[in-house]
Amino acid sequence: MNRLQSFGNYSFSHKSIMDDQFNVLKVNIYGNDYPIRGNTDVEYIRKVAKYVDSKMKEVYGDVPSDSHLKIAILAALNITDELFRERSVSTDQKEDNISGKIAELTELLDEKLKYYNLD
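Keep in mind the model is a prediction, meaning the values are calculated, not measured.

Analysis parameters
Residues numbered from 1 in each chain as written. Predicted model: local features only at pLDDT ≥ 70, side-chain atom pairs only at ≥ 80, totals over all residues. Heavy atoms only, no water. Phe/Tyr/Trp six-rings, centres within 6.5 Å; stacked < 30°, edge-to-face > 60°. Buried < 20%, exposed > 50% of the residue type's maximum accessible area, 1.4 Å probe, protein only. Patch = residues over 30% accessible without salt bridge, like charges linked within 9 Å, V, L, I, M, F, W, Y side chains within 5 Å. Areas by Shrake-Rupley, 256 points an atom, 1.4 Å probe, with all protein chains shown as cover. Salt bridge = Lys/Arg side-chain N within 4 Å of Asp/Glu carboxyl O. Lys, Arg positive; Asp, Glu negative; His and termini not counted. Charge placed at Lys NZ, Arg CZ, Asp CG, Glu CD. Helix = DSSP H or I, 4+ residues; strand = E, 2+ residues; numbered from the N terminus. pLDDT = per-residue confidence, 0-100. Contact = heavy atoms within 4.5 Å. Polar contact = N/O pair within 3.5 Å; in protein donor to acceptor, adjacent residues only side chain to side chain.

What the rule picks out here adds up to 2 aromatic pairs. Ring plane angle 90 degrees and centroid distance 4.8 Å describe the contact between Tyr-115 and Tyr-116, whose orientation is recorded as edge-to-face. The same class applies to Tyr-115 as to Tyr-116, namely exposed.

Taken together, the side chains of Glu-104, Glu-107, Asp-110 and Glu-111 present a region of like negative charge at the surface. Looking at the element boundaries, Glu-104 is found in helix 2 (residues 68–115).

This part is about the confidence of the model for the protein chain. Residues of the protein chain with pLDDT of at least 70 account for 82%, and the chain-wide mean is 83. Here residues 1–7 scores under 50 on pLDDT; set against residues more than four positions off or in separate chains, the count is 17 contacts. Confidence over residues 14–18 falls short of pLDDT 50; this stretch has 8 contacts with residues more than four positions distant or in other chains.

Looking now at the side chain of Ser-65. Note on placement: Ser-65 falls in the loop between helix 1 (42–62) and helix 2. We classify Ser-65 as buried; its relative accessible area is 14%. A distance of 3.0 Å separates a polar side-chain atom of Ser-65 from the backbone nitrogen of Ser-67. With residues up to four places along the chain from it excluded, the contact list for Ser-65 reads Tyr-60, Lys-70 and Ile-71.

Written as structure tokens, this is what we have:
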């Protein structure tokens with residue numbers, strides 16, 4: 001029986017599924033091996049898995065627990081918090097860039113209007 005659960009661009013199964021569209025890689029996260037299928041580069045999958053593993057170990061260091069589920073949930077919350085904060089910073093930077101461009105264009109337009117005595 002092949003059990004498969006999907007999460008965005010990644011999935012894992014208890015059987016290795018060979019498919020030309022997916023790279024399959026066994027990764028170790030928090031002491032457990034998982035065969036991961038992803039439609040991206042194998043090195044990227046490794047990097048993502050290593051990051052999840054490191055976040056789980058970090059959570060365990062802060063809040064020791066025998067529950068892998070609790071560790072995984074806290075790690076997921078921390079990763080999601082990082083994502084939301086990064087998105088917020090990115091949005092703020094975009095707004096700042098747009099405001100800067102508007103100011104530059106306004107200044108340029110004012111100069112041209114003065115040059116042609118159209119102000």
